[in-house]
Amino acid sequence: MTDVRIVFRKYGGALHWNHPGRLLGEDEHGVWAEVPEGTVAYKGNGPSITYPAAAIMLFPRDAWWTASFNAPPKKSEIYVDVTTIPEWKDGEVTMLDLDLDVIRMRDGRLILDDEDEFAEHQLLLNYPTDLIRQAEDTARWLLKAVGERKEPFGSAHLAWLTKTA
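Residues numbered from 1 in each chain as written. Predicted model: local features only at pLDDT ≥ 70, side-chain atom pairs only at ≥ 80, totals over all residues. Heavy atoms only, no water.

**Thoughts on the overall build of the protein chain**
Let me state the cut-off plainly: Going along the chain from the N terminus, every DSSP run of H or I of four or more residues is numbered as a helix, and every run of E of two or more is numbered as a strand. With the radius of gyration taken over C-alpha atoms, the globule rule is written as 2.2 Å times the number of residues to the power 0.38. Buried means the residue's accessible area, taken with a 1.4 Å probe over protein chains only, is under 20% of the maximum for its type, while exposed means over 50%, and partly exposed covers the values in between. Contacts are assigned to residue pairs with any non-hydrogen atoms lying within 4.5 Å of each other. In short, Shrake-Rupley with a 1.4 Å probe defines the accessible areas, and a residue's cover is counted only from the protein chains shown. Positive charges come from Lys and Arg, negative ones from Asp and Glu, while His and the chain ends are left out of the count. To locate a charge, take NZ of a lysine, CZ of an arginine, CG of an aspartate or CD of a glutamate.
Counting its secondary structure elements, the protein chain contains three helices and 11 strands. Ordered by position in the sequence, the α and β elements of the protein chain form the string β-β-β-β-β-β-β-β-β-β-β-α-α-α. The globule rule puts the C-alpha radius of gyration for 165 residues at 15 Å, and the 15 Å found for the protein chain is close to it. Expressed as lengths along the three principal axes of its C-alpha atoms, the size of the protein chain is roughly 45 × 35 × 30 Å. For the protein chain, with 165 residues in total, the buried portion stands at 45%. Long-range pairs, those at least 24 residues apart, make up 47% of the contacts in the protein chain with a sequence separation of at least 6. When the accessible surface of the protein chain is totalled, it reaches about 8500 Å², and 52% of it is carbon and sulfur. Considering the protein chain, the positive charge centre built from 18 side chains and the negative charge centre built from 27 side chains are found 3 Å apart.

Dropping the structure here:
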C-alpha cells in the first residue's frame with residue numbers, strides 16, 4: 001500500500017489536523033485511505049495524539065467534504081468534515097477545513113457540529129460569501145445524505161475494510 005500524508009488546513013493556510021494514512025484504492029465515490037489504529041496525529045503543530053481506533057477515509061474528487069468511517073470503540077460511526085475539494089500533490093492530500101461537521105453516531109443520532117466555530121471564523125478569518133454559501137449548502141446536503149444512508153454513507157466503506165492491513 002502507498003503511504004499518503006493527510007493534511008487539513010484552516011482558511012488562510014494555517015495547519016490543522018495532519019497525519020499519515022495508507023491509500024487503499026479508488027471507486028466512483030473517490031479515493032479511499034486507511035488510518036490504522038495507533039496512528040499519530042497532530043492538531044496544527046501541537047502535541048501528538050494517538051488515534052485509539054482505525055478509520056477508513058474517503059476523499060471525493062469533486063465535492064466539498066471529507067469523510068471518516070470509524071471503527072469501534074469510536075462513538076461516531078461516520079464523521080464528515082465540510083472542506084474544500086481535496087487536492088492531491090506529491091503524496092499528500094490537502095483540504096481546507098470549513099468548521100462544519102456532520103456526524104452520525106452509532107445509535108443513529110445525527111449531529112451538525114461546530115456551527116459556533118463556523119460563525120466565529122466567518123468574521124475572524126473573513127470567509128468570502130461564496131465560501132460561506134458553499135459550506136452551508138454542503139452541510140445541508142450531507143445531513144440528508146448521511147441521515148438517509150445514501151452512498152457513500154451507507155455500506156460503500158465496508159468493502160474497503162477488507163483491504164486494510
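**What about the pattern of salt bridges?**
Our working definition: Note on definitions: salt bridges are taken to be side-chain nitrogens of Lys or Arg within 4 Å of carboxyl oxygens of Asp or Glu.
In this structure the tally under the stated criterion is 11 salt bridges. In this structure, the salt-bridge partner of Lys10 is Asp99, at a minimum N-O distance of 2.6 Å. Of this pair, Lys10 sits in strand E1 (residues 2-10) while Asp99 is found in strand E10 (residues 92-105), placing the two residues 89 residues apart along the sequence. Residue Lys10 shares its accessibility class with Asp99, and that shared class is buried. Taking the shortest distance from any N to any O, the salt bridge between Arg61 and Glu26 comes out at 3.1 Å. With Arg61 in the loop between strand E6 (55-59) and strand E7 (65-70) and Glu26 in strand E2 (residues 15-27), the pair connects residues that are 35 residues apart, well separated along the chain. Within this structure, Lys10, Asp97, Asp99 and Glu117 form a network of salt bridges that share partners.

**Considering the nonpolar core**
The cut-off we apply is this: What makes a nonpolar core is a set of buried Ala, Val, Leu, Ile, Met, Phe, Trp, Tyr and Cys residues whose side-chain atoms join them at distances within 4.5 Å.
Counting 26 residues, the largest nonpolar core has Trp32, Trp65, Phe69, Val80, Leu142 and Phe153 as its most contacted members. Elements represented by at least two residues in this core include exactly E6, E7, strand E8 (76-83), E10, helix H2 (129-147) and helix H3 (156-161). Here the element with the most residues in this core is H2; it accounts for seven residues. The contact partners of Phe69, leaving out residues within four places of it in the chain, are Trp32, Ala54, Ala55, Ile56, Leu58, Glu77, Ile78, Pro152, Phe153 and His157. With nine residues, the next largest nonpolar core counts Phe8, Val35, Met57 and Phe59 among its residues.

**Observations concerning the layout of surface pockets**
Quick reminder of the rule: Buriedness for pockets is judged along seven lines, at least five of which must meet protein on both sides within 12 Å for an open set on the 1 Å grid over protein atoms alone, while cavities are sets there where a 1.4 Å probe fits but cannot get out, and lining residues have an atom within 4 Å of a point. Grid points are joined across faces, edges and corners, and a volume is the space filled by probe spheres set on the points. Gly counts as polar in this scheme, as do all residues outside two lists: the nonpolar Ala, Val, Leu, Ile, Met, Phe, Trp, Tyr, Cys and Pro, and the charged Asp, Glu, Lys and Arg.
Quantified by volume, the largest pocket comes out at close to 590 Å³. Elements with a contribution of two residues or more to the lining of the largest pocket: E1, E2, E6, E7, E8 and E10. Looking at the lining of the largest pocket, its residues break down into 11 nonpolar, five polar and nine charged.

**Focus on the side chain of Arg104**
Condition: By the criterion applied in these results, polar contacts are pairs of N or O atoms within 3.5 Å in which, for protein atoms, one can donate a hydrogen and the other can accept it, and in which residues neighboring in sequence qualify only through two side-chain atoms.
If you trace the backbone, Arg104 turns up in strand E10. On the accessibility criterion, Arg104 (1% relative accessible area) is buried. Polar side-chain contacts of Arg104 include one of 2.8 Å to the backbone oxygen of Val146. If sequence neighbours within four positions are ignored, Arg104 has contacts with Ser76, Glu77, Ile78, Arg109, Leu110, Val146, Arg149, Phe153 and Gly154.

These results come straight from atomic positions and should not be treated as a statement about function.
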